[in-house]
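# Summary of the model geometry
Listed below, chain by chain, are the residues.
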Amino acid sequence: MTDLTTTGRRVRVAATIAGLLLLLAGTFWGQDDHFPFGPFRMYSTSPDPNGDAKDTRVEGVDETGRTIVINEANSGIRRAEIEGQQAAYQADPSRLSRIAEAYAEHTPDAPPLREVRIVIRWHGIENARPTGEHRDEIIADWIRP
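On a predicted model such as this, the values are computed, not experimentally measured, just so you know. (Residues numbered from 1 in each chain as written. Predicted model: local features only at pLDDT ≥ 70, side-chain atom pairs only at ≥ 80, totals over all residues. Heavy atoms only, no water.)

## So, the sheet that holds strand S3 (residues 113-126)
Two orientations exist for strands paired in a sheet by backbone hydrogen bonds: parallel and antiparallel. Strands sit in the order S2-S1-S3-S4 across an open sheet of 4 strands; the sheet is antiparallel. At either margin of the open sheet sits one strand with a lone partner, and together these are strand S2 (67-70) and strand S4 (129-143). Along the sheet, successive strands turn relative to each other by an average axial angle of 35°, direction set aside. Along the sheet, helix H5 (residues 97-106) contacts strand S1 (53-62), S2, S3 and S4; its crossing angle with S3, the most-contacted strand, is approximately 105°. (Pairing = 2+ DSSP bridges. Helix = DSSP H or I, 4+ residues; strand = E, 2+ residues; numbered from the N terminus. Axes fitted to C-alpha atoms, helices over the stretch in contact; angles between N-to-C directions. Contact = heavy atoms within 4.5 Å.)

Structure representation (structure tokens):
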């Protein structure tokens, strides 16, 4: 085993100090996107024990009037992608037509969709326990012209 050179030690100490400074700065001023140096707040907070729980989904209505839950298996689009672009879909619901196109590509034998909507189901929570009640809120809706 050989000893580290003075330069080697200085490089390791400098790298350690830089890592610690990044970790400290991320703790105070960082966001989740700065992981691993950000605080990753997703796990550092708790929800309101009496607040409703949010469950986002995408629904389509085909030409027969049947409501279909749009998911990765039948559209190739993950729910996280929808949730990440939720504000853009709300600002411009015509973007939901792309989901109808993706559904048509993945399920060519199914009737085409005449409507696509993003629905948030709010599950009732009381004392950190589900109440069994829920309400649906449509936040973006596209209807084929």
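Moving on, there is more to tell.
## A word on the side chain of Gln86
Within the secondary structure, Gln86 is located in helix H4 (residues 86-91). Accessibility expressed as a relative area gives 13% for Gln86, which makes it buried. With residues near it in sequence (within four places) discarded, Gln86 still touches Lys54, Thr56, Ile120 and Ile139. (Buried < 20%, exposed > 50% of the residue type's maximum accessible area, 1.4 Å probe, protein only.)

## What about the pairing of S3?
In the sheet, S1 pairs with S3 via 10 bridges, with the strands oriented antiparallel. Bridging across to S3, Asp62 finds its partner in Leu113. Where S3 lies against S4, 11 bridges are found, and the strand directions are antiparallel. By the bridge assignment, Ile125 is partnered in S4 with Pro130. Between S3 and S4, which pair antiparallel in sequence order, lie 2 residues; one of them, Asn127, sits at a positive phi of approximately 55°.

## Here's the deal with unusual backbone geometry
Not every positive phi belongs to a glycine, and Asn127 is a case in point at roughly 55°. In this fold, Asn127 is placed in the loop between S3 and S4. Relative accessible area serves as the criterion here: at 60%, Asn127 is assigned to the exposed category. You will see that Ala128, though not glycine, has its phi angle at about 65°, which is positive.

## Observations concerning the packing of aromatic side chains
Counted according to the given criterion, the structure contains 1 aromatic pair. Lying across the ring of Tyr89, Arg95 places its NZ or CZ 4.9 Å from the centre. (Phe/Tyr/Trp six-rings, centres within 6.5 Å; stacked < 30°, edge-to-face > 60°. Lys NZ or Arg CZ within 6 Å of the ring centre and 35° of its normal.)

## Notes on the environment of Gly38
Within the secondary structure layout, Gly38 lies in the loop between helix H1 (6-29) and S1. Residues Gly38 and Asp141, spaced 103 residues apart in sequence, show a C-alpha to C-alpha distance of 35 Å. With near-sequence residues (within four places) excluded, Gly38 lies in contact with Gly26 and Gln31.

## Some words on the nonpolar core
Grouped together as the largest cluster of nonpolar side chains are 16 residues, with contacts concentrated most on Leu96, Ile99, Val116 and Ile118. At the level of secondary structure, the elements contributing two or more residues to this core comprise S2, H5, S3 and S4. Ranked by residue count, the leading element in this core is S3, at 4 residues. What Ile118 contacts, discounting residues up to four positions off in sequence, is Thr56, Arg57, Val58, Ile82, Tyr89, Leu96, Glu137, Ile138, Ile139 and Ala140. (Core = buried A, V, L, I, M, F, W, Y, C linked by side-chain atoms within 4.5 Å.)

## Here's the deal with the pattern of salt bridges
For the structure on display, the rule yields 11 salt bridges. One salt bridge in this structure joins Glu59 and Arg57, with 2.8 Å as the shortest N-O distance. Glu59 sits in the buried class, given a relative accessible area of 10%. One salt bridge in this structure joins Glu81 and Arg78, with 3.3 Å as the shortest N-O distance. (Salt bridge = Lys/Arg side-chain N within 4 Å of Asp/Glu carboxyl O.)

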